[in-house]
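Now for the letters of each chain:
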Amino acid sequence: MAHTEFLYLILALLGLVAGFLLFRNRELHIQNLDLSDRVHAQADELDAFTVLMVFDESWSLVHVNSMFERRFGLSQEAVLYKPFSLEQQNEAGGRRSRAYFESIRSAVNRDGLWQGQLYLHDHKGVPFWLFAKIVVQSQHEQTHYVLTGVDVTELVTSKERSREQTAFGQEILKTMPMALIVAEHRHNRIVFWNDASSDLFHLASSQVLMHPVSDMDVEWNEKVLQAIDSATEMQMTSEWLEQTIVRNDTSKSCNVRVMPIVVSNIRANLIMITDVTTIRAMEQRLRVTGRMEAMGEMAAGVAHEINSPLQFVKNNLHFLHDEFEMFQSLDIHFEDEKIAEEWDILKQDFPEAIAHSINGVERIATIVSSMRMLSHPGDGSIRRFDLKQMIHDSAIITKNTWKYVAELHTNFEEHEEPFFCYPELSQVFINLIVNAAHAIEEKNIKNSAEGEMGHINIATHWLDDAVVIRFSDTGCGIPNEKKTRIFDAFYTTKEPGKGTGQGLAISHDVVVRRHGGALSVESVEGQGTTFVVKIPFLKDKDPL
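Residues numbered from 1 in each chain as written. Predicted model: local features only at pLDDT ≥ 70, side-chain atom pairs only at ≥ 80, totals over all residues. Heavy atoms only, no water.

A. The arrangement of the side chain of D473 in detail. Note on placement: D473 falls in strand β15 (residues 466–473). The buried charged residue D473 lacks any salt bridge, with K443 as its nearest oppositely charged partner at 7.8 Å. A polar side-chain atom of D473 sits 2.8 Å from the main-chain amide nitrogen of G475. Beyond its immediate sequence surroundings of up to four residues, D473 is in contact with A436, A439, I440, H455, Q527, G528 and T529. (Helix = DSSP H or I, 4+ residues; strand = E, 2+ residues; numbered from the N terminus. Buried < 20%, exposed > 50% of the residue type's maximum accessible area, 1.4 Å probe, protein only. Lys, Arg positive; Asp, Glu negative; His and termini not counted. Salt bridge = Lys/Arg side-chain N within 4 Å of Asp/Glu carboxyl O. Polar contact = N/O pair within 3.5 Å; in protein donor to acceptor, adjacent residues only side chain to side chain. Contact = heavy atoms within 4.5 Å.)

Okay, structure coming up:
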């Protein structure tokens, strides 16, 4: 009997435990239903725009709304009460680490709230952004984490695209070949400075940003200063204005335009500067070339006109010479002693005078012939030339420049193959001979040795694929710091009024660009200079 009562007691206790457990589970179920009802009530209002996710204490999903299903492409059955983590939805993007999401959970547990942007992926790996808020909700000793999030992918993408476009635009402006300077109105301080500005002014952006334009140490001309004032005060855009900018002994021709602009509600001036030095040089070369062509045509015409009467004079002098020799052979006697004396003087001096005259006429004929050869405009195409004759003609044409200061020597290597070039090559030879004469003259003046004769040596050397012509002089030489600029347009080492800075620039253009050759210089200051011209064999076609 005692055993039976003890058994009933055990069964009663087990029944009480089972009843308590059933009651507790029912209570928990009711609490969950209460929470679910509240969540559903919120979800009904937010479903169309907001992702709703409810996590339990272990961060497992216990509820999602339809927006979640649409955005993640996952059904409730696929995610509820199953492992689901935010970082797993982010692995494809690589933008956030696991530690980042751990920090979010820690913040929620600590503060009961977190909000910010989440970068996630749907089931196909397509990325999207949520502006999310996570709050802690506790009831009946039960904690849930409620995440609500608005899809801001389009907004974030638009901002990123805008930032990328802004960065792209800034990079374009930064690397544009035109110098761009932006100076705000209030203090005229520079707030933008691109690479072309640094190259033009030899100033780094760190040296000018937030400094007034006046600190740039540039002598702006009066019209540019007026344009800056007009843009600031009257919002007027200027025309393109000419401005010379000098930096490190380098002078550059520029065009400047000033335009008022508004950037982020800040009024400023945009100063645009284009370096037109090369264009101006090209324009000057074209003008010089045009004048040279006109002078060449005129010289060719004059030479042609001189040649005919010169031939008459030469023929008549030879006639007089021959006739006088015939008279000399006659036995002529004059009774008048004075006439006889004059006749003797005439027989002695007349042949020499005729010979000098014939020699002078022949020299004139040589000069005229050289002028006709070098000044003939032709059709601008490659032609066959006698290189030795071209150099010889150039020396004759320039003789008045060098004959009082130097002796000119030539050393021509023999070469049987025909030589083709453009007619402009003769202008290169003329320029180099004239430069050599001026260098010798300048040295004599510096050394107080006027009247002392220097030397100009011209030598040719034939290679397998080109001919090299060396023009050497014993002049003043070129300083090392100036060697790199002697072929620049408008740059000259001569005293003011002596040179235009165009001769060597044009020569370089003719040799390098026109012929595809090379023009270099070797010089020792105080001892002399050698210009080396290398012309490749062009045959009969244009290399350009």
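Now, onward.
B. View of the sheet that holds strand β1 (residues 50–55). In space, the 5 strands of this open sheet follow the order β2-β1-β5-β4-β3, with antiparallel pairing throughout. Each having just a single partner strand, β2 (61–64) and β3 (113–121) make up the two edges of the open sheet. Ignoring strand direction, the axes of neighbouring strands in this sheet form an average angle of 25°. Sheet topology places β1 next to strand β5 (residues 142–151); 6 bridges connect them, and they run antiparallel. Looking across to β5, one finds that M53 is bridged to L147. Taken strand by strand, helix α4 (residues 98–111) contacts β3, β4 (127–139) and β5, and its axis lies near 155° from that of β3. (Pairing = 2+ DSSP bridges. Axes fitted to C-alpha atoms, helices over the stretch in contact; angles between N-to-C directions.)

C. Examining the pattern of salt bridges more closely. Applying the stated criterion across every chain, the model contains 10 salt bridges. In this structure, R513 engages D509 in a salt bridge whose closest nitrogen and oxygen atoms are separated by 3.1 Å. Here R513 and its partner D509 are both found in helix α15 (residues 503–514), 4 residues apart, which amounts to about one turn of the helix. The class of D509 is buried, set by a relative accessible area of 18%.

D. Structural view of the pairing of strand β14 (residues 454–462). Burial of the side chains of β14 is restricted to one face: G454, I456, I458, T460 and W462 are buried, whereas none of H455, N457, A459 and H461 on the reverse face is. The sheet contact formed by strand β12 (residues 406–411) and β14 spans 6 bridges and is parallel. For L408, the partnering residue across the bridge sits in β14 and is I456. As paired elements, β14 and β15 share 7 bridges and run antiparallel to each other. Across the sheet, N457 pairs through a bridge with S472, a residue of β15.

E. Looking closely at helix α13 (residues 425–446). Helix length check: α13 (22 residues) gives 32 Å between terminal C-alpha atoms against 32 Å at 1.5 Å per residue, within 8%. Phi for S448, located one or two positions after α13, is positive at around 50°. (Expected span 1.5 Å × (residues − 1).)

F. Spatial organisation of the packing of α13 against α15. Axis separation between α13 and α15 bottoms out at 9 Å; the angle between their running directions is 145°. Crossing handedness for the pair α13 and α15: left-handed. Residue-level contacts link L425, V428, N431, L432 and N435 of α13 to G503, L504, S507, V510 and V511 of α15. Taken together, the residues that form the contact of α13 with α15 break down as 6 nonpolar, 4 polar and no charged. (Left-handed = near helix turned anticlockwise from the far one by under 90°. Nonpolar A, V, L, I, M, F, W, Y, C, P; charged D, E, K, R; others polar.)

G. Molecular detail of the environment of N457. Tracing the backbone shows N457 in strand β14. Sequence separation between N457 and A406 is 51 residues, and the spatial gap between their C-alpha atoms is 9.9 Å. Dropping the residues within four chain positions of it, N457 is found in contact with H409, R470, F471 and S472.

H. Local environment of α4. Compared with an ideal rise of 1.5 Å per residue, which puts 14 residues at 20 Å, α4 spans 20 Å between its outermost C-alpha atoms and is within 8% of the ideal. The set of residues buried in α4 consists of F101, I104, R105, A107 and V108. For α4, the angular spread of buried residues about the axis comes to 160°, placing them on one side. Seen from the open side of α4, the exposed residues pointing more than 90 degrees away from its buried face are R98, A99 and R110. Looking at the buried side of α4, the elements it contacts are β3, β4 and β5. One or two positions beyond α4, positive phi appears at G112, with a value near 75°. (Arc of directions from axis to C-beta.)

I. Up close: the pairing of β15. Counting buried positions over the 8 residues of β15 gives 7, a clear majority of the element. Counted between consecutive antiparallel strands, the loop separating β14 from β15 contains 3 residues. Two strands pair when backbone bridges link them, and β15 and strand β17 (residues 528–536) are joined in this way by 8 bridges, in the antiparallel orientation. Pairing of V467 across the sheet is with I535, part of β17.

J. Summary view of the packing of aromatic side chains. Throughout the structure, instances matching the rule amount to 10 aromatic pairs. Between the aromatic rings of F419 and W462, the centroid separation amounts to 6.0 Å while the plane-to-plane angle is 80°, which identifies the pairing as edge-to-face. Taken together, the positions of F419 in strand β13 (residues 419–421) and W462 in strand β14 put the pair 43 residues apart, joining distant regions of the chain. An aromatic cluster is present here, built from F55, W59 and Y145 joined pairwise through their rings. Over the aromatic face of F128 sits the side chain of R71, whose NZ or CZ is 4.1 Å from the ring centroid. (Phe/Tyr/Trp six-rings, centres within 6.5 Å; stacked < 30°, edge-to-face > 60°. Lys NZ or Arg CZ within 6 Å of the ring centre and 35° of its normal.)

Such coordinate-based values are descriptive only and should not be taken to indicate function.
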